[in-house]
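Each chain, letter by letter, is given below.
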Amino acid sequence: AEGKCVLPGFVDAHTHPVWAGDRSHEFILKLQGASYLEVQKAGGGIGFTTTKTREASEKELLDLLLPRLERMKKHGTTTVEGKSGYGLNTETELKMLRVLHQAAAEQPLRIVSTYLGGHAVPTKDYAGVEDPTEAYTLNIINEQIPALVAEAVKYDSTPSEVADKKRRFVSAVDVFCETGVFTTDQTRRILKAGAAHGLRMNFHGDELSKTYAGELAGELAAHAVSHLEHVTEEGITAMAKVAAVAVLLPATAYVLRIAPPPARALIDGGVPVALGSDFCPNAHSMSMPHTMN
């Protein structure tokens, strides 16, 4: 071949690629000034997608996922970190992870799966409960993570024909550590429960408010933290000490019209930095070149 060049593939370090339902109507609310949490309280956001994803079959979710992965591939992505998180119950979270596992076997992109049962609190499921967030935290720790571990054994104990494509059923545990979602203490407990079963700690934090996610990452020696728009100087120092990766999502900050993450401060502070598209119903970019620019 002549007149061509070989380029390394992009690693998209943060995506939410498995979901059903259309939330394009929410862009009108955002243009009118509604915040991320205000959209959720109005019946949109993660709650809307959770309802649609629970209703969808594994085949329907797979049929939606495969074209998304193909589009990512056309933009040069070769490895994708893919999260669950639109189930918010044991059955659907496992369903999403099975879909990711099946998709990895049906197309060439490498998929690294992350369990994100702690993406939001399914308040309707806990109607009448005095503290829904705490009740759901206990459900994650005592029911979802043990079920996840039991499910993973079915896949991870099977020899692979192509060892380099054999993915663990799930590699990491994630939580949305944010004001009005999961507290720092609840996040800590969920992450430690996942880590006790060998899952890497890779969580959302310091996105919409200061939740001291950087400090928590240092305390737990977490593998990575995503967002970090409101990370503190102390959090940067703590992350640098344990080489926790800052996964920055500039497209999401743009869509939500919030301050971008302090990339230069993180780099100067010695924190390793990665980028992710944060592809999800809220941010439709599947292009890492677009994310980089």
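Check the entry above for the structure.
Described below are features of the structure shown in this document. (Residues numbered from 1 in each chain as written. Predicted model: local features only at pLDDT ≥ 70, side-chain atom pairs only at ≥ 80, totals over all residues. Heavy atoms only, no water.)

Once that is clear, we can look at the packing of helix H7 (residues 184-195) against helix H8 (residues 213-220). The contact between H7 and H8 brings their axes to 11 Å, and the two run at 35°. Like other packed secondary-structure pairs, H7 and H8 cross with a definite hand, here right-handed. On H8, the residues that touch Thr-184, Thr-187, Arg-188, Leu-191 and Lys-192 of H7 are Leu-216, Glu-219 and Leu-220. Classifying every residue of the contact of H7 with H8 by side-chain character gives three nonpolar, two polar and three charged. (Axes fitted to C-alpha atoms, helices over the stretch in contact; angles between N-to-C directions. Helix = DSSP H or I, 4+ residues; strand = E, 2+ residues; numbered from the N terminus. Left-handed = near helix turned anticlockwise from the far one by under 90°. Contact = heavy atoms within 4.5 Å. Nonpolar A, V, L, I, M, F, W, Y, C, P; charged D, E, K, R; others polar.)

Even without a glycine there, the phi angle at Tyr-212 is positive, about 60°. Looking at the element boundaries, Tyr-212 is found in the loop between strand S5 (200-205) and H8. Positive phi values are uncommon outside glycine, yet His-227 reaches one of about 85°. Locating His-227 in the fold gives a position in strand S6 (residues 224-227).

Let us now look at the pattern of salt bridges. One pass over the structure, following the stated rule, counts 13 salt bridges. For the salt bridge of Glu-58 with Arg-98, the shortest nitrogen-to-oxygen distance reads 2.7 Å. Here Glu-58 is found in helix H4 (residues 58-74), whereas its partner Arg-98 is found in helix H5 (residues 90-106), with 40 residues between them in sequence. Note on Glu-58: relative accessible area 28%, which makes it partly exposed. Among the ionic pairs, Asp-174 bridges to Lys-83, the shortest N-O distance being 2.8 Å. Of the two residues, Asp-174 sits in strand S4 (residues 172-177) while Lys-83 sits in strand S2 (residues 77-83), which places them 91 residues apart along the sequence. (Salt bridge = Lys/Arg side-chain N within 4 Å of Asp/Glu carboxyl O. Buried < 20%, exposed > 50% of the residue type's maximum accessible area, 1.4 Å probe, protein only.)

Of all seven residues in S2, six are buried; the element is thus mostly enclosed. The pairing of strand S1 (residues 10-15) with S2 spans four bridges and is classified as parallel. Considered in S2, the bridge of Asp-12 is made with Val-80. Of the pairings in the sheet, the one linking S2 to strand S3 (residues 110-118) comprises five bridges and is parallel in character. Paired with Gly-82 across the strands is Ser-113, a residue of S3. (Pairing = 2+ DSSP bridges.)

Attention shifts here to the packing of aromatic side chains. One pass over the full model with this rule turns up four aromatic pairs. When the centroid spacing of 5.9 Å and the interplanar angle of 65° are considered together, the rings of Tyr-126 and Tyr-136 count as edge-to-face. Note that Tyr-126 is positioned in the loop between S3 and helix H6 (132-156) and Tyr-136 in helix H6, a separation of ten residues in sequence. Like Tyr-126, the residue Tyr-136 is buried in the burial classification. (Phe/Tyr/Trp six-rings, centres within 6.5 Å; stacked < 30°, edge-to-face > 60°.)

If you trace the eight strands from one edge of the open sheet to the other, you get S1-S2-S3-S4-S5-S6-S7-S8, paired in parallel fashion. The open sheet has two edge strands with one neighbour each: S1 and strand S8 (273-275). If you compare each strand with its neighbour and ignore which way they point, the axes differ by 25° on average. Along the sheet face, H8 touches S5 and S6 and points at about 170° away from the line of S5.

Okay, helix H9 (residues 233-242) next. Along an α-helix, residues three or four positions apart point the same way, because every turn accommodates 3.6 residues. All buried positions along H9 are accounted for by Gly-235, Ile-236, Ala-238 and Met-239. The arc that holds the buried residues of H9, viewed along the axis, is 165°, so those residues lie on one side. Those residues of H9 that are exposed and aimed more than 90 degrees away from the buried face are Glu-233, Glu-234 and Lys-241. Structurally, H9 contributes buried residues whose contacts are with H8, S6, strand S7 (245-248) and helix H11 (263-268). (Arc of directions from axis to C-beta.)

As far as function goes, none of this settles anything; it's purely spatial.
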